[in-house]
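Examining the three-dimensional arrangement
Chain by chain, the residues run as shown.
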Amino acid sequence: MVSQASSAWATIGGSVLGGRHVTTGAPNQDAWQSATVVHQGDEYAVLAVADGHGGSRYVRSDVGSDIAVAVAVEVVSKALREGLLEGPGRRVEREALRQLPQQLVAAWSRRCLDHLGAHPFTSEEAGRAGASLESDPLMSYGSTLLVAVLGQARCLLLQLGDGDSLVALSGGELVDALPPDHRLTGGETTSLCLPNAEADFRAALIENPAPTLVLLSTDGYGVAFADPGWRQSVVSDLLNQIETRGIEQVERSLPNWLQDSARVGGDDATVAIGYRLPAAGRSARKPPKAAGWVASGLVGAVLGAVGAWALATSSGGDSSPAASPVPSSITTSGPVTTPTSTPPSSSVPVVVPDVEAGGGVSHPGPGLAWIRGPGGLVVEFSPDPSDPDPIAEVRPPTSDGTGLVAWESFWTIENGVLMADGVPAGPSIDPALPLSGIEFENDVLWLLSEDGDWLVAFRPQAICKIVAVSTGTGDGESAAPPDPPACEP
Amino acid sequence: MTSRPGNTLAQRPLHFFVLADCSGSMAADGKMQALNNAMRETIPHLVEVADANPHARVLVRVLAFSTGARWHVEAPTPIESFVWTDLVPGGYTDLGAALGLLAGEMRTPPMEERALPPAVVLISDGMPTDEYRAAYNALLDEPWGSRSVRLAVGIGRDADRDMLNSFVSGDDLGAVTANNPEQLAHMIRWASVHASRAASTATALPNFGPTPLDPTEELEITW
């Protein structure tokens, strides 16, 4: 049944036993769930899809995938109530990657072991596996996990293992959101049951514009398509059908479509779909609540004002939201930023705490806040409001002046020019886009424009190499990257 | 016209590669002709494997190596329409050159993202004459190379057992050996069927070798 509990998103989904499993008598090892979460008057949809592994060793992967989607809904719902999607985009994505995988893997492991306690392995299962199951019991429950969190203005994707997280804008244009994982080849996949599961999650936050359609699928759905460009075809066709036939009709057709994929490709086929309802189809909505804290203009404010501390803050989550955090774009866990159309952010009042004096820091609310000051000092705050010591991490300044230390050089912006140890460095950058901020994250140097929506990223190994350029031109077109500079910083 | 989103559906490709030793030593004692006959006999069995798995489409290619390596059958050919054309012996045993050509096919593209793990059967009667180890490591460094299902058939007493054993994927099985034409047909058929079956069903290779032939054929040593 179509769920429209979220007034902005309708969700549907389905799962069909694979043709090969019909032959072998194996169960459907896929699972999916959707849910709606209300937080401070805003409604979010949560989608989860999981694919239990098919090898003989994974005798309980059907249970493992069921547990995975249930845990995903629970963990993400709780995180949403704690402000998961609130704050600057890159921070949201980073914090989602930092916290959710750990919580998901821990909860999944615990739940699987609980199941094992209630249902010990049988000799039949051991025989089917052809191996000892007791030595690594979680392996028997192995599964992938794909999660989408759909909000008013933002969508967060999390994916562990194979399958597809497809995102389309209103015109049906497919957004390449998640960074690729080249290990996912020929049936090989990362998994909840592997020791490094937490680190293997990929994440992406999509906003400005927020997606119209999100489709999560297990690999059994996609492998049946002959055309390598099936992803674009699917989202375009699906969007067209939803808008012409209605999502209820599409939901009625979905089992047959999945059946086709399962029959031809042989694997279980599962999808979960979220569709953003047009404004006319929504119930009356309150204006969006404030984010827990805001940080628009953070970097520009910090680095633009010599000696100033910039703290993006709110008072208990009731302040007005920023127009847009920095940088407004599709952010991924990797250093490459996908260009999008982004209106300039408005400046936001900031509170200037006196960190070094040990006072003046009020907790910024849910999520993490960062203070950046002279010499690159960064203070990171704990997300826990009850934490008596909210400062989670302090990185002391390593040099004087406004800027930061990276790759054994001191990087500053002077008159809109990137300087390394006082010497002009980096690429030639369009002077029409004056630089106002530097960030150093994921081993990549990020340069930001005054309004925070223009960004160049550099890899550490070659400062001359432009990794990505994102610029808001207002018409959805991205500017061409500047010419690669000479390799002499 | 279907209203199903997306384009046409199709079986998943299963690329089956034969790496055949065509060195000069294969001319001795009818080994080359025995290999040609064995491959011809194997094709119907591969068709059976394909028929038994309606979700896979078996596509065959053949690499011949002697002095250098070349594609004997370069285009991925559906097993149903595959016709074996005889290989001719002559030259060195440049296995590394063949592995290099194979490695070029083990990335996406040209390998389809949706392909099943490829199956590879290596058949050789001697020791490689080029530096094959680096080429083999390069093959395994390719995403599909490491996922490939690999079996090996040694011909006669001069086959490089260590090399052939190291080529085989998985821990439970080594290369198999054929000492006469009957055994060769048996071994090639066994290796081809099991490699393609394991690849097409995403299951492990069997942890047992081929069943013994008639004792008289087992004992007869021609090569």
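Above this text you will find the structure in question.
What you see is a predicted model, and the numbers here were worked out from it, not measured in a lab.

All names here are of chain A. The end-to-end C-alpha separation of helix 7 (residues 230–245) is 21 Å, in line with the 22 Å expected for 16 residues at 1.5 Å each. For helix 7, the full list of buried residues reads Trp230, Arg231, Val234, Val235, Leu238, Leu239 and Ile242. All buried residues of helix 7 lie within an arc of 155 degrees about the axis, which places them on one face of the element. On its buried face, helix 7 is in contact with strand 6 (164–168), strand 7 (174–175), strand 9 (213–217), helix 6 (219–222), helix 8 (247–265) and strand 10 (269–276). Just past helix 7, the residue Gly246 takes up positive phi, approximately 95 degrees.

In this section: the sheet that holds strand 6 of chain A. Residues and elements named next belong to chain A. Here we have 5 strands laid out as an open sheet, ordered 1-10-9-6-7, and antiparallel in their pairing. Each end of this open sheet is capped by a strand with a single partner; those strands are strand 1 (9–16) and strand 7. One ladder, built from 5 bridges, connects strand 9 with strand 10; its direction is antiparallel. Bridge pairing in strand 10 places Val214 opposite Gly274. Along the sheet, helix 7 contacts strand 6, strand 7, strand 9 and strand 10; its crossing angle with strand 6, the most-contacted strand, is approximately 55 degrees. Sitting on the sheet, helix 8 touches strand 1 and strand 10, and the angle it makes with strand 1 is about 30 degrees.

Quick look at the interface of chain A and chain B now. Between chain A and chain B, the residue contacts involve 27 residues of the former and 20 residues of the latter. For the side of chain A that touches chain B, the elements supplying multiple residues, two or more each, are helix 1 (19–24), helix 7 and helix 8 of chain A. For the side of chain A that touches chain B, the per-class residue count stands at 10 nonpolar, 12 polar and 5 charged.

Reading the values: rules and limits
- Residues numbered from 1 in each chain as written.
- Chains lettered and ligands numbered in written order.
- Predicted model: local features only at pLDDT ≥ 70, side-chain atom pairs only at ≥ 80, totals over all residues.
- Helix = DSSP H or I, 4+ residues; strand = E, 2+ residues; numbered from the N terminus.
- Expected span 1.5 Å × (residues − 1).
- Buried ≥ 20, exposed ≤ 12 C-beta atoms within 10 Å, placed from the backbone.
- Arc of directions from axis to C-beta.
- Contact = placed C-beta atoms within 7 Å.
- Pairing = 2+ DSSP bridges.
- Axes fitted to C-alpha atoms, helices over the stretch in contact; angles between N-to-C directions.
- Nonpolar A, V, L, I, M, F, W, Y, C, P; charged D, E, K, R; others polar.

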